Protein chains: 2
Amino acid sequence: MRLSRETGVPLFEQLYEFIKAEIISGHFSSNERLPSKRKLAADLQCSRNTVEAAYNQLVDEGYLISRAKSGYYVAELDGVLSIDRARQAEPGEKGRAPAHAVDFSYQGVDFDHFPFSTWRKLTKDVIDEYDRDLLRTGDPQGYPKLRASIARYLHHSRGVNCLPEQIVISSGTELLLQLLIQLLDRHSVYAIENPGYERLPMIFRSNRVEYRAVSLDEDGVRVDEVERSGANVLCVTPSHQFPTGLIMPVSRRLQLLNWANDRPGRYIIEDDYDSEFRYSGKPIPSLQGLDQHGRVIYMGAFSKSLSPALRISYMVLPMELLEGYRERLSFCICPVPTIEQKTLQRFMDEGHFERHLNRMRNLYRQKRETIVSAIRELLPGAMIDGTTAGLHLVLRVGNGMSETELVERAAARGAKVYGMSRYRSGPVADEAEGTLILGFATLRIDEIYDAVRLLSTAWAA
Amino acid sequence: MRLSRETGVPLFEQLYEFIKAEIISGHFSSNERLPSKRKLAADLQCSRNTVEAAYNQLVDEGYLISRAKSGYYVAELDGVLSIDRARQAEPGEKGRAPAHAVDFSYQGVDFDHFPFSTWRKLTKDVIDEYDRDLLRTGDPQGYPKLRASIARYLHHSRGVNCLPEQIVISSGTELLLQLLIQLLDRHSVYAIENPGYERLPMIFRSNRVEYRAVSLDEDGVRVDEVERSGANVLCVTPSHQFPTGLIMPVSRRLQLLNWANDRPGRYIIEDDYDSEFRYSGKPIPSLQGLDQHGRVIYMGAFSKSLSPALRISYMVLPMELLEGYRERLSFCICPVPTIEQKTLQRFMDEGHFERHLNRMRNLYRQKRETIVSAIRELLPGAMIDGTTAGLHLVLRVGNGMSETELVERAAARGAKVYGMSRYRSGPVADEAEGTLILGFATLRIDEIYDAVRLLSTAWAA
């Protein structure tokens, strides 16, 4: 064995790796005595500290045993784990490579303005060896200080009234809904918006729960249909109906609250999925903020405002449900890692979240204005539905092509667009007047015109 | 307004905060023109770059509008969010303060040897502005490279045979079980070990699923009882039965596999929760490794080997179940944040995990040896059950006191111990011969003797 001073690998580590390999390969037998530190240091022309550091590491990991006043011996290797570190073949990351040059996805966020350096710095500070919270199971409902920050944020930005105790942090709408399915009466029937968020029917089916799709009019979900459906739990997106982009007026909100108050056991689940992004007009108070009788379960997430890869969402339980939650569901431990919860709490408390939101709202407003101008100019027959909010708009192309044709022709030119029909419940005929959901969050401002031009070419008769 | 060069706050930030506050408080009205950069710089005796940086930040966040060749104007503040940043009152972190001086918890990990600096460095590297994975929804089953690392680890350490495609990453046993409940036949009946992991009955009850408790003999779960129970899915902990500490011999493992092969639709869920920590003897292959017919669903976690606060667990699905999983459950997005998945993947691939495990095994072995010696010396009538594995042992105190009495007397002296009865299903009489679960992972070696002495004093007649 020779130690090299040129590889950049510390000497003690070279020695450690060498001896470890010799032991694993059986060149040393168990109980064999190793050379003394002094002798080995002389042989290798290194310091005794180097040998000592390598030996100690090997003792720590169970390869050697140190016997007082006698020296170092090779241990029985019974339990010692050795994982072959052969460079792993790149696993095929299916579906990751962008199959399309342009993707009008409504799910992503802007790729260029995430505050990476702040997040990195805060994370680094949070990973603190003296913080025992990082080594034990945390609060089942989520880190209390983060819940306090979220409560304060919701109060200021959405008029939501709640105490931190009412908040449950989790990592996705599916998981929050699964908790609610377990919490609410097992014979509950859920009403969902039609068209609506396409995962809801999957979640309810998969959890073997009954649901009914309820249609919309120009003010949002139809109260008479909700009533007729026999449902007792209603899932709605009043701030920016998904996918139509409607904002529910206060009158309809009050009607829904009346419906909920009408019978015991009725609840409204308000999913405020992209409420941060509203570009004009005064905000309308959340349903939760209007609710006087604890009928609204409010849900939010950081997927749109920060990143979907962070996997942080939350709900606000009415006081009436909180006790049952604690009794029956406190075995469900908050799935968000403590490091990430603490990082987000500091991000919010130090004002970074407020600044990021204002910046992103401004940026997304510009993206929306750009795509609207581009559509008016390049697709003159098309109609834009939906209000000036959120990260997508609804486009009725109006050139006589069906949805399927629009999607396929766009794909042939390398542009991915999303048809409205996948958000409708029940059997849907291919509509003569194709309607699309066009997301703009992931597109750069300077590529929006070209992207719309691609659609215009694709859809030219 | 005066800029101070002594506060340590950058000048542009002072200016930004000042103007923002003025705008929010209404001292500037909307559309009001701000002083030119040159003029303001002269007034404040700072550089024009400072003013420009502050103005640009305010434009970015939507407080100002910049008009070409005209200057900066106060924007309409419609949508701009301002969160009151009043220092939050410390929320009461209930139950967090250690009520006991000594806690023989079986759930925690060692507090002093987590590789914080490595984890910090890797996390810092992973938070990379050029990595778009951090800004989009990841693979529903978990980051593919991490799944490959876990597959390789399981192969080397546990004899588990699987492809990365078979792995589903999630953040806790509860969540994995919830996925399985949705995946397996809805009329499935689950058999659980009695005594066993106390959360299983809660999970099954909460998900409205039938289960049966099956008792153990000296080799583990009784096959005749499993057969009689009518269950088709069996949950077991063969490597280190929780809580009794039994290791299931190969003969019983083969009997269980025969049971599973006997009828279609039968499965075994093998929870290998602390299999990393085995201190003597040759490891017995996992049930999954013995299984020839895809009947075993293997589960593991990083809660014991790294930290429960990381919230990372996984399961290995048999090929037969994989297709159904992808068809019906791919809407369930992996709840672990991408940053954390990538950090763990690098931690494993760069060899840190192997080294940490070997080190911790060595450390926990020493803790176990110390607590065993202390018990023999200080509680001479007590019997230790369970094999030399895991992070807890089972203690039959044998001094005639009941479990309740033992727990209460220990508590009175500031020591928290856990009675066996909470892990038993069905009505349990307070046993005349008190049996306890004694965890030792969170205790430092040098405090173990004193901790056991506390028990010995508490339990003296």
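So, how was this worked out
Residues numbered from 1 in each chain as written. Chains lettered and ligands numbered in written order. Predicted model: local features only at pLDDT ≥ 70, side-chain atom pairs only at ≥ 80, totals over all residues. Heavy atoms only, no water. Contact = heavy atoms within 4.5 Å. Buried area = accessible area lost by both parts, 1.4 Å probe. Salt bridge = Lys/Arg side-chain N within 4 Å of Asp/Glu carboxyl O. Polar contact = N/O pair within 3.5 Å; in protein donor to acceptor, adjacent residues only side chain to side chain. Helix = DSSP H or I, 4+ residues; strand = E, 2+ residues; numbered from the N terminus. Nonpolar A, V, L, I, M, F, W, Y, C, P; charged D, E, K, R; others polar. Pairing = 2+ DSSP bridges. Axes fitted to C-alpha atoms, helices over the stretch in contact; angles between N-to-C directions. Buried < 20%, exposed > 50% of the residue type's maximum accessible area, 1.4 Å probe, protein only.

## Concerning the interface of chain B and chain A
The interface of chain B with chain A comprises 104 residues on the first partner and 105 residues on the second. Together chain B and chain A conceal approximately 9500 Å² of surface at their shared face, both sides included; 52% is due to carbon and sulfur atoms. Per-residue buried area on chain B facing chain A is highest for B:Leu135, B:Arg208 and B:Phe331; these three make up 9% of the total on that side. Seen at the junction of chain B and chain A, the total is eight salt bridges. Two residues, B:Arg120 and A:Glu129, come together in a salt bridge whose shortest N-O distance is 2.2 Å. Across the chain B-chain A interface, the total number found is 36 residue pairs in polar contact (both at pLDDT 80 or more). Per element, the largest residue contribution to the side of chain B that touches chain A is eight residues, and it comes from helix H5 (residues 144–158) of chain B. Counted by class, the side of chain B that touches chain A contains 39 nonpolar, 25 polar and 40 charged residues.

## Quick look at the sheet that holds strand E4 (residues 167–170) of chain B
Residue and element names in this part refer to chain B. Strand order in this open sheet of eight strands is E4-E11-E10-E9-E8-E5-E6-E7, and the pairing throughout is mixed. Looking at strand neighbours, the two that pair on one side only are E4 and strand E7 (220–221), the edges of this open sheet. Both strand E8 (residues 233–236) and strand E9 (residues 267–271) contribute to a ladder of four bridges, which runs parallel. Counted as the bridge partner of Leu234 is Ile268 from E9. Where H5 meets the sheet, its contacts fall on E4, strand E10 (296–301) and strand E11 (313–316), and the angle it forms with E4 comes to roughly 110 degrees. In the packing of helix H9 (residues 250–262) onto the sheet, the strands contacted are strand E6 (210–217), E7, E8, E9 and E10, and the crossing angle to E9 comes to about 145 degrees.

## Describing the side chain of A:Ser149
Residue and element names in this part refer to chain A. Along the chain, Ser149 falls in helix H5 (residues 144–158). A relative accessible area of 2% places Ser149 in the buried class. A polar contact is formed between the side chain of Ser149 and the side chain of Asp349, at a distance of 2.8 Å.

## As for unusual backbone geometry
The omega torsion across A:Asn194 and A:Pro195 is 0 degrees, close enough to zero to call that bond cis. Of the consecutive residues B:Phe242 and B:Pro243, the connecting peptide bond is found in the cis state with omega at 0 degrees. In this structure, B:Pro243 sits in the loop between E8 and H9. For A:Asn31, which is not glycine, the phi dihedral falls at a positive 75 degrees.

## Some thoughts on the pattern of salt bridges
Residues and elements named next belong to chain A. Tallied over the full model, the rule gives 54 salt bridges over all chains. Ionic pairing is found between Lys121 and Asp125, a salt bridge with its closest N-O pair at 3.0 Å. Here Lys121 pairs with Asp125, and both are found in helix H4 (residues 116–126), just four residues apart, close to one helical turn. The class of Lys121 is partly exposed, set by a relative accessible area of 47%. Asp125 sits in the partly exposed class, given a relative accessible area of 32%. Where salt bridges share partners, they join Lys121, Asp125, Arg346 and Glu350 into one cluster.

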